[in-house]
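Report on the structure
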Amino acid sequence: MFCKAPLRYTFIDLGMSPLCESYVPAEKLNHMEPFYPLHVYVCERCFLVQLEEYVSPAEIFTEYAYFSSYAESWVDHMRRYADAIADRLRLGPNSFVVEVASNDGYLLQHFVKRGIPVLGIEPAANVAKVAVEKGVPTLVKFFGERTARELVANGRQPDLICGANVLAQVPDVNDFVKGLAILLKPGGVVTIEFPHLMRLMAETQFDTIYHEHFSYFSFHAADQIFAAQGLRLYDVEELTTHGGSLRVYARHAADESKPLTLRARELRQREIDAGLTRLETYASFGERVKETKRKLLEFLIAAKRSGKTIAGYGAPGKGNTLLNYCGIRTDFLDFTVDRNKYKQGKFLPGTHVPIHDPDRIREAKPDYVLILPWNFKDEIVKQMSYIREWGGKFVIPIPEARVIE
Ligand SMILES: [Zn+2]
């Protein structure tokens, strides 16, 4: 919630779904699982696309199974960012960098290597512990106005605050952005990365919607939210990560040393041209999602009718939204695999598809491998190219089921 206007317009209703990171251990397979509505609205005033807070963040994020370092291309992406921003802002031993939602230290470790002092802020204690072991000092806390004031009281104001894939996961986006404004040193820079709503809509990436993601941002919506707390978005980069993300650059409103860039102005115009400031554009999304589901089921039904075997690759949050919404269980997918040992031996929430070590693909030789984390498809196709030895093929589920030859 940003502007507090009543939410009356549905963006997409994906029905009831379990928490997508609540992997089920074998001994709990016969227990009840909580399901919550996955009903997303669009605000008629500010066009922020948002999920009501059905589940408290403390329930979701205090023991989290997602370790950023398991995805190599993601680690690589953030290493390049660290190098580029350290050069651009001329960061050195006298600078200070804070990352909000620093996960296992996958990003800050690169600043540490350059001798730049850092502090991570991460609410999941099990993940923060891994960061500290890597030499990344980490505060186990949720970030917001209160944490920001505590840090400022200790005289710690950063030159750079960064955050990737955290803004969507914040239940009170105003409190979070206010925290950024309070913490940031005068003249400092905030960079925040989030999946771009324009891409989500253009490519029907409805599976990136889950209970952990409360908000889905256009540049337009983010701009208003930051402006309301005294920050200005002055630059933006469009990234290919997570199906298409934005990295926005913010400064204090009073800091006039950083003018609005051409690419920020151009993106704002493209969003207007794409209809992101008109309600009708949002209303048409639901029908496209249903068509994506029908096409995926058509593909799976045809494959099973012709006697093919299908395995999944990955056990990401987005896979759980997809499988639960489409009703895909072990009737279609024999199993899935994941490199994350924390998930192996467990079962996907809701659908109870078993999760194995990736070696299982080699043993089972499935005809099709459905790639659930499609945002990492290039990396996965490269790693798993051996499935071609037995004629196996990769399948991407959205925007329509597509076989990669
Ligand atoms: Zn609003």
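Summarised in this report is the structure supplied together with it. These numbers were taken from a predicted model, which means no experiment stands behind them.

1. A look at the coordination of the zinc ion
Working reference: metal with six octahedral donors, ideal angles 90 or 180 degrees; metal with four tetrahedral donors, ideal angle 109.5 degrees. On the protein side, the zinc ion has Cys3 (SG), Cys43 (SG) and Cys46 (SG) as donor atoms, found 2.1 to 2.2 Å from it. With a relative accessible area of 22%, Cys3 lands in the partly exposed category.

2. Comments concerning the pairing of strand β7 (residues 160–164)
Within β7, 5 of the 5 residues are buried, which leaves it mostly tucked inside the rest of the structure. Judged by which residues are buried, β7 turns out to be covered on both faces: Leu160, Cys162 and Ala164 on one side and Ile161 and Gly163 on the other are all buried. Looking at chain direction, strand β4 (residues 97–100) and β7 are connected through 3 bridges and run parallel. The partner of Val97 across the bridge, within β7, is Leu160. Judged from the 5 bridges that link them, β7 and strand β8 (residues 189–195) form a sheet pairing that is parallel. Residue pairing for β8: Cys162 is matched across the bridge by Thr191. Handedness of the crossover joining β7 and β8 through helix α6 (residues 173–183) is recorded here as right-handed.

3. Focus on unusual backbone geometry
At the junction of Ile398 and Pro399, the peptide bond is cis and its omega measures out at -5° in the coordinates. Mapped onto the elements, Pro399 comes out in the loop between β16 (393–396) and β17 (402–404). For Ala101, which is not glycine, the phi torsion reads 60° and is therefore positive. With respect to the helices, strands and loops of the structure, Ala101 is situated in the loop between β4 and α3 (108–113). By relative accessible area, Ala101 is classed as partly exposed at 22%. With a phi angle near 55°, Asn165 is a residue other than glycine that sits in the positive phi range. Its place among the elements puts Asn165 in the loop between β7 and α6.

4. Considering the sheet that holds strand β2 (residues 35–42)
The antiparallel open sheet is built from 4 strands, whose spatial order is β1-β2-β3-β9. Edge positions in the open sheet fall to β1 (9–18) and β9 (215–216), since each of these has one partner strand only. In terms of strand pairing, β1 meets β2 through 7 bridges, oriented antiparallel. Within the sheet, the bridge partner assigned to Asp13 lies in β2 and is His39. Running at roughly 90° to β1, helix α12 (residues 317–326) makes contact with β1 and β2 of the sheet.

5. Notes on helix α9 (residues 262–273)
Taking 1.5 Å of rise per residue, 12 residues should cover 16 Å, and α9 covers 17 Å from first to last C-alpha, within 8% of that figure. Ala264, Leu267 and Glu271 are the residues of α9 that are buried. Axial view of α9: buried residues confined to an arc of 60°, hence all on one face. For α9, the exposed residues set more than 90 degrees away from the buried face come down to Leu262 and Asp273. For α9, the elements touching its buried residues are α7 (197–202), α8 (219–227), β10 (231–239) and β11 (245–252). The positive-phi residue at the C-terminal boundary of α9 is Gly275, with phi of around 85°.

6. Considerations on the pattern of salt bridges
A side chain with one charge may pair with a side chain of the opposite charge, provided their charged atoms come close. What the rule picks out here adds up to 28 salt bridges. Measuring nitrogen to oxygen at the nearest pair gives 3.8 Å for the salt bridge that ties Lys134 to Asp104. On the criterion of sequence distance, the pair formed by Lys134 in the loop between α4 (125–133) and β6 (138–139) and Asp104 in the loop between β4 and α3 is long-range, its members being 30 residues apart. Residue class for Asp104 comes out buried when judged on its relative accessible area of 2%. The shortest N-O distance in the salt bridge between Lys178 and Glu145 comes to 3.7 Å. With Lys178 in helix α6 and Glu145 in helix α5 (residues 145–153), the pair connects residues that are 33 residues apart, well separated along the chain.

7. So, α8
Where α8 is concerned, the buried positions are Phe219, Ala221, Ala222, Asp223, Ile225 and Phe226. Buried-residue contacts for α8 involve α6, β8, β10, β11 and α9.

8. Concerning the environment of Gln157
One can find Gln157 in the loop between α5 and β7. Residue Gln157 is classed as partly exposed on the basis of its relative accessible area, which comes to 27%. Sequence separation of Gln157 and Gly188 is 31 residues, and the distance between their C-alpha atoms is 8.9 Å. Here Gln157 is in contact with Phe96, Val152, Ile182, Leu183, Leu184 and Lys185, once residues within four sequence places are set aside. Of note is the side chain of Gln157, whose polar atom sits 3.4 Å from the backbone oxygen of Ile182. Of the polar contacts made by the side chain of Gln157, one reaches the backbone oxygen of Leu183; its length is 3.3 Å.

9. With respect to the packing of α5 against α6
The N-to-C vectors of α5 and α6 enclose an angle of 15°; their axes lie 7 Å apart at closest approach. On the basis of their axis angle, the class for α5 and α6 is roughly parallel. The element α5 and its partner α6 pack so that their crossing is right-handed. On α6, the residues that touch Glu145, Ala148, Arg149, Leu151 and Val152 of α5 are Asp175, Lys178, Gly179, Ile182 and Leu183. For the contact of α5 with α6, the per-class residue count stands at 5 nonpolar, 1 polar and 4 charged.

Quick notes on the rules
Residues numbered from 1 in each chain as written. Predicted model: local features only at pLDDT ≥ 70, side-chain atom pairs only at ≥ 80, totals over all residues. Heavy atoms only, no water. Donors = N, O, S within 2.8 Å, 3.2 Å for Na, K, Ca; no water. Buried < 20%, exposed > 50% of the residue type's maximum accessible area, 1.4 Å probe, protein only. Helix = DSSP H or I, 4+ residues; strand = E, 2+ residues; numbered from the N terminus. Pairing = 2+ DSSP bridges. Right-handed = clockwise from strand over helix to strand, strands pointing away. Contact = heavy atoms within 4.5 Å. Axes fitted to C-alpha atoms, helices over the stretch in contact; angles between N-to-C directions. Expected span 1.5 Å × (residues − 1). Arc of directions from axis to C-beta. Salt bridge = Lys/Arg side-chain N within 4 Å of Asp/Glu carboxyl O. Polar contact = N/O pair within 3.5 Å; in protein donor to acceptor, adjacent residues only side chain to side chain. Parallel < 35°, antiparallel > 145°, perpendicular 65-115°, else oblique. Left-handed = near helix turned anticlockwise from the far one by under 90°. Nonpolar A, V, L, I, M, F, W, Y, C, P; charged D, E, K, R; others polar.

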